[in-house]
Amino acid sequence: MAVGLTTLDIAVHPVASLPGEEGQIVERIALSPAGTAAGTAYVAQRLGLQAAVGSAIGIDPQGQLVRSMLEAEGVDTTLLVDDVAMPTSTTVLPIRPNGDRPNWHMLGASLFAPVTPAVLEALDRTAAVHWAAVGFPGTAGQGAGFLAAAKARGAFVTCDLIAPSPAAAQDLDALLPHVDIFMPSLAEVAVLFGKTDDLRAAADHFIAKGAGACLFKLGARGAALLTHDSVIEVPPWRIDPVDTTSCGDSVCAGFHAARHRGLSDRDAMAFACATAAQVASGIGTTGTLASYQGVVDFMATHQTATDASHG
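Residues numbered from 1 in each chain as written. Predicted model: local features only at pLDDT ≥ 70, side-chain atom pairs only at ≥ 80, totals over all residues. Heavy atoms only, no water.

Going by the annotation in an unreviewed UniProt entry, the name recorded for the protein is Carbohydrate kinase family protein, with Novosphingobium olei given as the source organism.

Encoded structure:
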(Lines give C-alpha, C1' and ligand atoms only; values in the text may rest on other atoms or scores of the structure.)
Protein backbone atom coordinates (compact mmCIF):
# COMPACT_ATOMS: atom_id res chain seq x y z
CA MET A 1 0.00 0.00 0.00
CA ALA A 2 1.31 3.44 -0.95
CA VAL A 3 -0.13 6.44 0.90
CA GLY A 4 0.45 10.04 -0.16
CA LEU A 5 0.82 12.15 -3.28
CA THR A 6 -1.27 11.16 -6.29
CA THR A 7 -1.06 13.27 -9.43
CA LEU A 8 -1.70 13.25 -13.13
CA ASP A 9 1.57 13.94 -14.95
CA ILE A 10 1.48 15.49 -18.43
CA ALA A 11 4.93 15.04 -19.93
CA VAL A 12 5.98 16.84 -23.12
CA HIS A 13 9.16 15.67 -24.90
CA PRO A 14 11.51 17.09 -25.98
CA VAL A 15 11.33 20.74 -24.94
CA ALA A 16 14.59 22.64 -25.41
CA SER A 17 12.91 26.04 -25.04
CA LEU A 18 9.46 27.46 -24.50
CA PRO A 19 7.71 28.31 -27.79
CA GLY A 20 6.45 31.69 -28.85
CA GLU A 21 3.13 32.33 -30.56
CA GLU A 22 4.14 30.05 -33.42
CA GLY A 23 4.25 26.97 -31.19
CA GLN A 24 6.44 23.87 -31.52
CA ILE A 25 6.05 20.31 -32.75
CA VAL A 26 7.20 17.72 -30.19
CA GLU A 27 7.71 13.97 -30.41
CA ARG A 28 5.46 12.85 -27.56
CA ILE A 29 2.96 14.02 -24.98
CA ALA A 30 2.23 11.35 -22.37
CA LEU A 31 -0.27 11.24 -19.51
CA SER A 32 0.49 9.07 -16.45
CA PRO A 33 -0.65 8.47 -12.88
CA ALA A 34 2.24 9.74 -10.80
CA GLY A 35 3.38 11.03 -7.43
CA THR A 36 5.19 9.44 -4.52
CA ALA A 37 2.16 7.24 -3.81
CA ALA A 38 0.39 6.59 -7.13
CA GLY A 39 3.60 6.54 -9.17
CA THR A 40 5.24 4.06 -6.81
CA ALA A 41 2.13 1.85 -6.78
CA TYR A 42 1.82 2.02 -10.58
CA VAL A 43 5.41 0.83 -11.06
CA ALA A 44 5.13 -1.78 -8.29
CA GLN A 45 2.02 -3.24 -9.93
CA ARG A 46 3.84 -3.54 -13.25
CA LEU A 47 6.64 -5.36 -11.41
CA GLY A 48 4.19 -8.00 -10.23
CA LEU A 49 3.13 -6.76 -6.80
CA GLN A 50 -0.52 -6.27 -5.84
CA ALA A 51 -0.44 -2.55 -5.07
CA ALA A 52 -3.03 -0.23 -3.56
CA VAL A 53 -3.17 3.57 -3.27
CA GLY A 54 -4.43 5.43 -0.21
CA SER A 55 -4.97 8.99 -1.40
CA ALA A 56 -7.49 11.34 -3.00
CA ILE A 57 -8.35 12.74 -6.41
CA GLY A 58 -10.83 15.35 -7.57
CA ILE A 59 -14.02 14.64 -9.46
CA ASP A 60 -12.52 16.34 -12.53
CA PRO A 61 -11.38 14.71 -15.81
CA GLN A 62 -7.84 14.38 -14.45
CA GLY A 63 -9.11 12.34 -11.53
CA GLN A 64 -11.20 10.12 -13.77
CA LEU A 65 -8.14 9.46 -15.92
CA VAL A 66 -5.87 8.72 -12.95
CA ARG A 67 -8.34 6.23 -11.52
CA SER A 68 -8.98 4.52 -14.86
CA MET A 69 -5.26 4.19 -15.68
CA LEU A 70 -4.46 2.79 -12.23
CA GLU A 71 -7.30 0.29 -12.49
CA ALA A 72 -6.27 -0.72 -16.02
CA GLU A 73 -2.85 -1.62 -14.61
CA GLY A 74 -4.48 -3.62 -11.81
CA VAL A 75 -3.80 -1.23 -8.91
CA ASP A 76 -6.38 -1.39 -6.12
CA THR A 77 -8.13 2.00 -6.06
CA THR A 78 -10.73 1.22 -3.39
CA LEU A 79 -8.77 3.44 -0.97
CA LEU A 80 -8.58 6.33 -3.47
CA VAL A 81 -11.17 8.88 -2.31
CA ASP A 82 -13.05 11.30 -4.57
CA ASP A 83 -12.80 14.84 -3.17
CA VAL A 84 -15.67 17.05 -4.34
CA ALA A 85 -14.02 20.26 -3.17
CA MET A 86 -10.46 19.97 -4.53
CA PRO A 87 -9.05 19.33 -8.01
CA THR A 88 -6.76 16.41 -8.79
CA SER A 89 -3.10 17.25 -8.23
CA THR A 90 -1.69 17.78 -11.73
CA THR A 91 1.81 18.41 -13.06
CA VAL A 92 2.94 19.57 -16.51
CA LEU A 93 6.52 18.55 -17.31
CA PRO A 94 8.40 19.95 -20.31
CA ILE A 95 11.11 17.29 -20.55
CA ARG A 96 14.46 18.61 -21.74
CA PRO A 97 16.53 16.65 -24.26
CA ASN A 98 18.91 15.50 -21.46
CA GLY A 99 16.06 14.10 -19.34
CA ASP A 100 15.75 16.99 -16.87
CA ARG A 101 12.21 17.94 -15.98
CA PRO A 102 11.23 21.41 -14.80
CA ASN A 103 7.54 21.51 -14.02
CA TRP A 104 4.37 23.39 -13.30
CA HIS A 105 2.42 21.79 -10.45
CA MET A 106 -1.16 22.42 -9.30
CA LEU A 107 -1.80 21.48 -5.68
CA GLY A 108 -4.77 19.25 -5.26
CA ALA A 109 -6.79 16.72 -3.32
CA SER A 110 -4.05 14.25 -2.41
CA LEU A 111 -2.24 16.73 -0.15
CA PHE A 112 -5.37 17.13 1.95
CA ALA A 113 -6.48 13.48 2.13
CA PRO A 114 -6.58 12.13 5.71
CA VAL A 115 -5.88 8.56 6.75
CA THR A 116 -9.40 7.18 6.36
CA PRO A 117 -10.87 4.30 8.41
CA ALA A 118 -10.76 2.19 5.23
CA VAL A 119 -7.00 2.73 4.90
CA LEU A 120 -6.51 1.67 8.52
CA GLU A 121 -8.66 -1.42 8.02
CA ALA A 122 -6.64 -2.35 4.93
CA LEU A 123 -3.56 -2.87 7.11
CA ASP A 124 -4.96 -6.29 8.04
CA ARG A 125 -4.28 -7.44 4.46
CA THR A 126 -1.12 -5.41 3.81
CA ALA A 127 2.42 -6.82 3.77
CA ALA A 128 4.24 -3.53 3.09
CA VAL A 129 3.47 0.17 3.46
CA HIS A 130 5.15 2.97 1.52
CA TRP A 131 4.41 6.22 3.39
CA ALA A 132 4.68 9.15 0.99
CA ALA A 133 2.61 11.79 2.77
CA VAL A 134 5.36 13.41 4.86
CA GLY A 135 4.37 16.93 5.87
CA PHE A 136 0.97 16.78 4.14
CA PRO A 137 -1.74 18.83 5.90
CA GLY A 138 -4.36 16.13 5.39
CA THR A 139 -2.43 13.47 7.32
CA ALA A 140 -0.96 15.84 9.90
CA GLY A 141 -0.69 14.06 13.21
CA GLN A 142 -1.92 10.74 11.79
CA GLY A 143 1.22 9.32 10.21
CA ALA A 144 3.01 8.02 13.29
CA GLY A 145 -0.08 6.25 14.60
CA PHE A 146 -0.79 4.72 11.21
CA LEU A 147 2.77 3.43 10.78
CA ALA A 148 2.82 2.12 14.36
CA ALA A 149 -0.34 0.19 13.53
CA ALA A 150 1.26 -1.11 10.34
CA LYS A 151 4.34 -2.30 12.24
CA ALA A 152 2.16 -3.96 14.88
CA ARG A 153 0.58 -6.00 12.08
CA GLY A 154 3.98 -7.04 10.75
CA ALA A 155 4.12 -4.75 7.73
CA PHE A 156 7.45 -3.69 6.22
CA VAL A 157 7.46 0.13 6.23
CA THR A 158 9.32 2.51 3.93
CA CYS A 159 9.07 6.29 3.78
CA ASP A 160 9.68 8.82 1.01
CA LEU A 161 8.90 12.52 0.69
CA ILE A 162 8.13 14.98 -2.07
CA ALA A 163 9.35 18.26 -0.55
CA PRO A 164 11.59 18.65 2.52
CA SER A 165 9.67 21.55 4.07
CA PRO A 166 9.86 22.56 7.76
CA ALA A 167 6.56 20.68 8.25
CA ALA A 168 8.11 17.60 6.64
CA ALA A 169 11.18 17.75 8.87
CA GLN A 170 9.00 17.95 11.99
CA ASP A 171 6.78 15.13 10.72
CA LEU A 172 9.80 12.88 10.18
CA ASP A 173 10.77 13.11 13.84
CA ALA A 174 7.51 11.35 14.70
CA LEU A 175 7.50 8.98 11.71
CA LEU A 176 11.03 7.57 11.61
CA PRO A 177 10.77 5.39 14.76
CA HIS A 178 8.20 3.34 12.82
CA VAL A 179 10.11 3.18 9.50
CA ASP A 180 12.23 0.23 8.36
CA ILE A 181 13.88 2.13 5.49
CA PHE A 182 13.86 5.88 4.90
CA MET A 183 14.22 6.58 1.15
CA PRO A 184 15.11 10.24 0.43
CA SER A 185 16.81 11.67 -2.63
CA LEU A 186 20.20 13.31 -2.36
CA ALA A 187 18.59 16.75 -2.76
CA GLU A 188 16.27 15.98 0.15
CA VAL A 189 19.21 14.82 2.27
CA ALA A 190 20.89 18.15 1.57
CA VAL A 191 17.93 20.06 2.99
CA LEU A 192 17.16 17.75 5.92
CA PHE A 193 20.74 17.05 7.00
CA GLY A 194 22.56 20.07 5.58
CA LYS A 195 25.17 18.31 3.43
CA THR A 196 25.60 15.31 1.12
CA ASP A 197 29.34 14.67 1.14
CA ASP A 198 29.16 12.16 4.02
CA LEU A 199 26.44 9.55 3.50
CA ARG A 200 27.50 7.66 6.63
CA ALA A 201 26.93 10.72 8.79
CA ALA A 202 23.62 11.44 7.06
CA ALA A 203 22.41 7.87 7.60
CA ASP A 204 23.49 7.97 11.25
CA HIS A 205 21.49 11.19 11.65
CA PHE A 206 18.25 9.57 10.43
CA ILE A 207 18.92 6.25 12.14
CA ALA A 208 19.38 8.12 15.43
CA LYS A 209 15.88 9.52 14.88
CA GLY A 210 14.55 5.96 14.66
CA ALA A 211 14.86 4.78 11.05
CA GLY A 212 16.03 1.20 10.66
CA ALA A 213 18.09 2.05 7.59
CA CYS A 214 18.42 4.63 4.82
CA LEU A 215 18.18 4.12 1.08
CA PHE A 216 19.66 7.21 -0.53
CA LYS A 217 18.67 7.83 -4.17
CA LEU A 218 21.80 9.37 -5.69
CA GLY A 219 20.58 10.17 -9.20
CA ALA A 220 23.35 9.71 -11.75
CA ARG A 221 25.50 8.09 -9.04
CA GLY A 222 23.09 5.19 -8.44
CA ALA A 223 21.88 4.45 -4.91
CA ALA A 224 23.15 3.47 -1.46
CA LEU A 225 21.62 1.46 1.37
CA LEU A 226 23.05 2.12 4.82
CA THR A 227 22.19 0.36 8.07
CA HIS A 228 23.83 1.15 11.41
CA ASP A 229 26.79 -1.09 10.52
CA SER A 230 26.82 -1.67 6.76
CA VAL A 231 26.94 0.19 3.45
CA ILE A 232 25.79 -1.11 0.07
CA GLU A 233 26.44 1.21 -2.88
CA VAL A 234 25.29 0.28 -6.37
CA PRO A 235 26.16 2.17 -9.57
CA PRO A 236 23.63 3.37 -12.15
CA TRP A 237 22.99 1.43 -15.34
CA ARG A 238 24.31 2.92 -18.57
CA ILE A 239 21.44 4.39 -20.59
CA ASP A 240 20.63 7.51 -22.57
CA PRO A 241 18.06 9.12 -20.26
CA VAL A 242 14.86 10.40 -21.81
CA ASP A 243 12.69 11.35 -18.81
CA THR A 244 13.93 11.12 -15.21
CA THR A 245 10.67 12.27 -13.61
CA SER A 246 9.68 9.02 -11.88
CA CYS A 247 13.13 7.57 -11.25
CA GLY A 248 12.99 8.05 -7.48
CA ASP A 249 9.56 6.44 -7.17
CA SER A 250 10.68 3.55 -9.38
CA VAL A 251 13.71 2.89 -7.15
CA CYS A 252 11.32 2.57 -4.19
CA ALA A 253 8.98 0.27 -6.12
CA GLY A 254 11.86 -1.78 -7.53
CA PHE A 255 13.33 -2.37 -4.09
CA HIS A 256 9.95 -3.52 -2.74
CA ALA A 257 9.41 -5.86 -5.70
CA ALA A 258 12.87 -7.40 -5.38
CA ARG A 259 12.59 -7.77 -1.62
CA HIS A 260 9.21 -9.48 -2.05
CA ARG A 261 10.91 -12.00 -4.36
CA GLY A 262 13.49 -12.79 -1.66
CA LEU A 263 16.51 -11.05 -3.20
CA SER A 264 19.39 -9.98 -0.96
CA ASP A 265 19.71 -6.30 -0.11
CA ARG A 266 22.55 -5.88 -2.63
CA ASP A 267 20.65 -7.62 -5.41
CA ALA A 268 17.49 -5.69 -4.54
CA MET A 269 19.42 -2.43 -4.80
CA ALA A 270 20.78 -3.38 -8.22
CA PHE A 271 17.28 -4.35 -9.34
CA ALA A 272 15.87 -1.05 -8.03
CA CYS A 273 18.41 0.96 -10.03
CA ALA A 274 17.72 -1.15 -13.13
CA THR A 275 14.00 -0.44 -12.72
CA ALA A 276 14.79 3.29 -12.62
CA ALA A 277 16.97 2.92 -15.73
CA GLN A 278 14.09 1.39 -17.68
CA VAL A 279 11.72 4.10 -16.46
CA ALA A 280 14.18 6.84 -17.45
CA SER A 281 14.59 5.31 -20.93
CA GLY A 282 11.10 6.41 -21.95
CA ILE A 283 8.40 9.00 -21.27
CA GLY A 284 6.05 8.96 -18.30
CA THR A 285 5.79 7.05 -15.03
CA THR A 286 6.72 3.65 -16.47
CA GLY A 287 8.95 4.69 -19.37
CA THR A 288 10.02 1.49 -21.16
CA LEU A 289 9.30 -0.73 -18.13
CA ALA A 290 7.26 -3.79 -19.08
CA SER A 291 7.52 -6.33 -16.25
CA TYR A 292 9.68 -7.82 -13.51
CA GLN A 293 11.17 -10.26 -16.00
CA GLY A 294 11.85 -7.36 -18.34
CA VAL A 295 14.06 -5.78 -15.69
CA VAL A 296 15.87 -9.10 -15.15
CA ASP A 297 16.48 -9.33 -18.91
CA PHE A 298 17.69 -5.73 -19.01
CA MET A 299 20.22 -6.46 -16.26
CA ALA A 300 21.52 -9.46 -18.20
CA THR A 301 22.15 -7.44 -21.36
CA HIS A 302 23.24 -4.00 -20.10
CA GLN A 303 26.18 -2.63 -18.19
CA THR A 304 26.43 -0.51 -15.10
CA ALA A 305 28.65 2.55 -15.13
CA THR A 306 31.24 0.53 -13.13
CA ASP A 307 31.13 -2.38 -15.62
CA ALA A 308 31.67 -0.03 -18.53
CA SER A 309 34.64 1.70 -16.88
CA HIS A 310 36.30 -1.69 -16.43
CA GLY A 311 35.44 -2.90 -19.92
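Once the structure has been displayed, the description carries forward.
Caption draft 1: Main features of the sheet that holds strand β8 (residues 128-132). An order of β5-β4-β1-β8-β9-β10-β11-β12-β13 is seen for the 9 strands of this open sheet, with the pairing classed as mixed. The sheet is open, and its two borders are formed by β5 (80-83) and β13 (231-234), each paired with just one other strand. Here helix α4 (residues 143-152) sits on the sheet and contacts β1 (2-4), β8 and β9 (156-159); the angle it forms with β8, its principal contact strand, is near 165 degrees. (Pairing = 2+ DSSP bridges. Helix = DSSP H or I, 4+ residues; strand = E, 2+ residues; numbered from the N terminus. Contact = heavy atoms within 4.5 Å. Axes fitted to C-alpha atoms, helices over the stretch in contact; angles between N-to-C directions.)

Caption draft 2: Expanded view of the nonpolar core. Membership of the largest hydrophobic core comes to 48 residues, with the highest contact counts inside it found for Ile181, Leu215, Leu225, Phe255 and Met269. Per element, the largest residue contribution to this core is 10 residues, and it comes from helix α9 (residues 265-280). Discounting chain neighbours no more than four positions away, the residues touching Leu225 are Ile181, Ala213, Cys214, Leu215, Ser230, Val231, Ile232, Phe255, Asp265 and Met269. (Core = buried A, V, L, I, M, F, W, Y, C linked by side-chain atoms within 4.5 Å. Buried < 20%, exposed > 50% of the residue type's maximum accessible area, 1.4 Å probe, protein only.)

Caption draft 3: Spatial organisation of α4. Of the residues making up α4, those classed as buried are Gly143, Phe146, Leu147, Ala149 and Ala150. Burial along α4 is one-sided: seen end-on, the buried residues are contained in an arc of 155 degrees. On its buried face, α4 sits against β1, α3 (117-121), β8, β9 and α5 (166-175). Downstream of α4 by a residue or two, Gly154 has a phi angle that is positive, lying close to 85 degrees. (Arc of directions from axis to C-beta.)

Caption draft 4: The arrangement of the sheet that holds strand β3 (residues 28-34) in detail. With respect to topology, 4 strands assemble into an open sheet ordered β3-β2-β6-β7, the strand pairing being mixed. Sheet topology places β3 and β7 (104-106) at the edges, where each strand pairs with a single neighbour. Averaged over neighbouring strand pairs, the angle between their axes works out to 15 degrees when direction is ignored. Where strand β6 (residues 89-94) and β7 come together, 3 bridges link them in antiparallel fashion. Among the inter-strand pairings, Thr91 is bridged to a residue of β7, identified as His105. Strands in contact with helix α2 (residues 61-73) are β2 (7-13), β3, β6 and β7; relative to β3, the strand with the most contacts, it is inclined by about 75 degrees.

Caption draft 5: Structural context of α5. Within the span of α5, buried status applies to Ala168, Asp171, Leu172 and Leu175. Taken around the axis of α5, the buried residues stretch over an arc of 105 degrees, which confines them to a single face. Turned more than 90 degrees away from the buried face of α5 sit Pro166 and Gln170, all of them exposed. Elements that come into contact with the buried residues of α5 comprise β8, α4, β9, β10 (181-182) and α6 (186-193).

Caption draft 6: Looking closely at unusual backbone geometry. With an omega of -10 degrees, the peptide bond between His13 and Pro14 qualifies as cis. Here Pro14 shows up in the loop between β2 and β3.

Caption draft 7: Layout of the packing of helix α1 (residues 38-46) against helix α8 (residues 247-260). Between α1 and α8, the least distance of the axes is 8 Å, while the angle of their chain directions is 50 degrees. In terms of orientation, α1 and α8 fall into the oblique class. With respect to the hand of their crossing, α1 and α8 are arranged in right-handed fashion. Every residue of α8 that contacts α1 at Gly39, Thr40, Val43 and Ala44 is listed here: Asp249, Ser250, Cys252 and Ala253. Among the residues making up the contact of α1 with α8, the classes are represented as 4 nonpolar, 3 polar and 1 charged. (Parallel < 35°, antiparallel > 145°, perpendicular 65-115°, else oblique. Left-handed = near helix turned anticlockwise from the far one by under 90°. Nonpolar A, V, L, I, M, F, W, Y, C, P; charged D, E, K, R; others polar.)

Caption draft 8: Representation of the environment of Asp197 in the model. Position of Asp197 among the secondary structure elements: in the loop between α6 and α7 (199-208). Along the sequence, Asp197 and Ser264 sit 67 residues apart, while their C-alpha atoms lie 27 Å from each other.

Caption draft 9: Seen up close, the pattern of salt bridges. This model, assessed by the stated rule, comprises 7 salt bridges. A salt bridge links Glu73 to Arg46; the nearest nitrogen and oxygen atoms lie 2.8 Å apart. One end of the pair, Glu73, is in helix α2; the other, Arg46, is in helix α1, with 27 residues separating them in the sequence. Notably, a salt bridge pairs Arg67 with Asp82, separated by 3.1 Å at the nearest N-O pair. With Arg67 in helix α2 and Asp82 in strand β5, this residue pair connects regions lying 15 residues apart in the sequence. (Salt bridge = Lys/Arg side-chain N within 4 Å of Asp/Glu carboxyl O.)

Caption draft 10: Broad picture of the pairing of strand β4 (residues 53-58). When you tally the buried positions in β4, you get 6 out of 6 residues, the bulk of the element. As defined by bridge partners, β1 adjoins β4 across 2 bridges and the pair is classed as parallel. Within the sheet, the bridge partner assigned to Ala2 lies in β4 and is Val53. Inspection of the sheet shows β4 paired to β5 by 4 bridges, in the parallel sense. Within β5, the position partnered with Ser55 by the bridge is Leu80.

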